[in-house]
Amino acid sequence: MDSLRIAFIHPDLGIGGAERLVVDAAVGLQNLGHAIDIYTSHHDRSHCFEETRDGTLNVIVAGDWLPRHIAGKGHIVFAILRNLLVCLGLLLTKRGQYDVLFVDQLSVGVPLLRLTGAKVLFYCHFPDKLLTQRKSFLKKLYRLPIDYIEELTTNMSDEVVVNSEFTASIFAQSFKTIRRKPQVVYPGIQLETYDAEVNLNDPSVAPLVNGRKMLLSINRFERKKNVELAVETFARLKPLIPETFPQLLLVVAGGYDIRVQENVEHLKELQRRATSLGLVHDTFDPEGPFTVSPAVQVLFLPSFTSAQRTYLLSHSVALLYTPSHEHFGIVPVEAMYARLPVIATNTGGPTETVLDGVTGFLRNPQPDEFAGAVQQLLSGKVDVRVMGAKGRERVKDMFSDKAFISNLDVLLKRLAAESRPNLDLLVNIIIYVTPLLAVFLGIYWLSGPY
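What counts, and where the lines are drawn
Residues numbered from 1 in each chain as written. Predicted model: local features only at pLDDT ≥ 70, side-chain atom pairs only at ≥ 80, totals over all residues. Heavy atoms only, no water. Helix = DSSP H or I, 4+ residues; strand = E, 2+ residues; numbered from the N terminus. Buried < 20%, exposed > 50% of the residue type's maximum accessible area, 1.4 Å probe, protein only. Polar contact = N/O pair within 3.5 Å; in protein donor to acceptor, adjacent residues only side chain to side chain. Contact = heavy atoms within 4.5 Å. Axes fitted to C-alpha atoms, helices over the stretch in contact; angles between N-to-C directions. Parallel < 35°, antiparallel > 145°, perpendicular 65-115°, else oblique. Left-handed = near helix turned anticlockwise from the far one by under 90°. Nonpolar A, V, L, I, M, F, W, Y, C, P; charged D, E, K, R; others polar. Pairing = 2+ DSSP bridges. Expected span 1.5 Å × (residues − 1). Right-handed = clockwise from strand over helix to strand, strands pointing away.

**Student:** Describe the side chain of Asn263, listing the residues and the values that go with them.
**Tutor:** Along the chain, Asn263 turns up in helix 8 (residues 261–276). On the basis of relative accessibility, which here comes to 5%, the residue Asn263 falls in the buried class. Looking at Asn263, its side chain comes within polar contact range of the main-chain oxygen of Phe221, at 3.0 Å. Ignoring sequence-local partners within four residues, the contact set of Asn263 consists of Phe221, Glu222, Gly255, Tyr256 and Asp257.

**Student:** Describe the environment of Val331, listing the residues and the values that go with them.
**Tutor:** Here Val331 lies in helix 10 (residues 330–337). Judged by relative accessible area, Val331 falls into the buried class, the value being 10%. It is 19 Å that separates the C-alpha atoms of Val331 and Val198, two residues lying 133 residues apart in sequence. Those residues in contact with Val331 that lie beyond four places of it in its chain are Ile218, Leu319 and Tyr321.

**Student:** Break down unusual backbone geometry for me, citing the residues and quoting the values.
**Tutor:** Of note in the backbone geometry, Gln105 takes a positive phi value of approximately 70° without being a glycine. Its place among the elements puts Gln105 in the loop between strand 4 (100–104) and helix 3 (110–114). Look at Arg339: it is not a glycine, yet its phi comes out positive at around 65°. Within the fold, Arg339 resides in the loop between helix 10 and strand 13 (342–345).

**Student:** Any chance you could break down the packing of helix 7 (residues 228–240) against helix 12 (residues 367–379) for me, citing the residues and the numbers?
**Tutor:** One way to put it is that helix 7 packs onto helix 12 with a least axis distance of 8 Å and a crossing angle of 60°. If you check the angle between helix 7 and helix 12, you find them oblique. Classified by chirality, the crossing of helix 12 by helix 7 is right-handed. On the side of helix 7, the interface is formed by Leu229, Glu232, Thr233, Arg236, Leu237 and Leu240, while helix 12 contributes Pro367, Asp368, Phe370, Ala371, Gly372, Val374 and Gln375. Class assignment of the residues belonging to the contact of helix 7 with helix 12 gives a composition of seven nonpolar, three polar and three charged.

**Student:** Would you mind going over the pairing of strand 9 (residues 248–254) in detail, with residue names and values included?
**Tutor:** In terms of burial, strand 9 is largely enclosed, as seven of its seven residues are buried. Of the two faces of strand 9, the one lined by Leu248, Leu250, Val252 and Gly254 and the one lined by Leu249, Val251 and Ala253 are each fully buried. The pairing of strand 8 (residues 213–218) with strand 9 spans six bridges and is classified as parallel. Bridge pairing in strand 9 places Ile218 opposite Ala253. Where strand 9 meets strand 11 (residues 298–302), five bridges bridge the pair, whose relative direction is parallel. Paired with Leu250 across the bridge in strand 11 is Val298.

**Student:** If you had to explain helix 1 (residues 17–31) to someone new, which residues and values would you point to?
**Tutor:** Since the α-helix turns once every 3.6 residues, residues separated by three or four places project in the same direction. Over its 15 residues, helix 1 extends 21 Å from the first C-alpha to the last, a length consistent with the 21 Å expected when each residue adds 1.5 Å. In terms of burial, helix 1 is a largely internal element, twelve of the 15 residues being buried. Within helix 1, the full set of buried residues consists of Ala18, Glu19, Arg20, Leu21, Val22, Val23, Asp24, Ala25, Ala26, Val27, Gly28 and Leu29. Of the surrounding elements, those touching the buried residues of helix 1 are strand 1 (5–9), strand 2 (35–40), strand 4, strand 5 (119–124), helix 9 (306–315) and helix 14 (401–417). Where helix 1 terminates, the next one or two residues include Gly33, which has phi positive at roughly 105°.

**Student:** So, the pairing of strand 12 (residues 316–321): which residues are in play, and what are the values?
**Tutor:** For strand 12, a buried count of five out of six residues is recorded, marking the element as mostly surrounded by other parts of the structure. Both strand 8 and strand 12 contribute to a ladder of three bridges, which runs parallel. Paired with Leu216 across the strands is Leu319, a residue of strand 12. For strand 12 and strand 13, the ladder comprises three bridges, and the chain directions are parallel. Each residue of the ladder has a partner; that of Leu320, found in strand 13, is Ile343. For the handedness criterion, the β-α-β arrangement of strand 12, helix 10 and strand 13 is classed as right-handed.

Structural data, given as structure tokens:
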């Protein structure tokens, strides 16, 4: 079977690491001759990767009329409902039309997708049950059935794939009933994208051309990304390198969606933190003429463009990658390919991508430790060009899109050729439906006779 019909099912096709992986996988497989469609419950053409809006990929949207939450509550419930609507629509209208379905982030629709006749691969970026806090008893109770369904439906996939050995270990700890070990397929990046020439007259890029030494942070504006560590690290540099500090600029870039309350709130929190540390800051405005004043020390760049990303990666002196226990982390890979030394926390995915002292530094998530690593780079104690060259070679060898797509292609072809026992499907669906039916019957009983 040389050419496959493949559909990707992804909840929200915005801008982020998971979305970058899905888009790169879709484009790469399409270039190999496979027929590709992407199904999603939301696709904002003003807040997405170019390949999803310029005709490169076929994107089908369903269920966007459902709310994302009610009064800021129930995000996961509505995410599940929106995802189920996408999967149900695919089952009713596209049954038998695909060989393999590539599902990520939400596994709840896997039982429905199995009924299409296609094989289902679930790509686990990280267990969803670990991405939420449970500070109250009610929150714990609220998450119980959701966590149960996540584990059950993940196991109903024909193949489970994870993005790193770190995620594989967390997967095993989190899903006790799943006996099989997921396969590790490292994400990759499109190398040629980062080699492209950037038009310095581009209105989105021109304000960034300032002649200063830039320290770069790229993350979504979410609290779990610990971007505050980058701001605090920058402030620590002032007494460490007083003569060099006036020449520095910290650029805090990342995914930002005005519809997401946390994005809006966290950007304001970071701005307030910069002010409290005595740092002059500004926020890039894409709507009108914008210049970076020489007095600005921290520039916030929400929803940055591909051109801005490429320019910043190729003209900064270091990447400050602040999340702890990150599942994989594609940004350090992007930075290393751009010959940019990476300073990351010594946890999670970066411990598999960044070689400490060779392609960057792995440090405890403390401002003083991060600042010390930056000082080493700026002081000349480390040959930055050698470190950058080694980082680029490492990405070429291990984390290129060619390696990623080749591994995925082999996996999908094998999966499509395998048979599936029907009895296993029936048993799993019964197990899946029973608790849901019990919940609905319980609600009916508690609400009394009609």
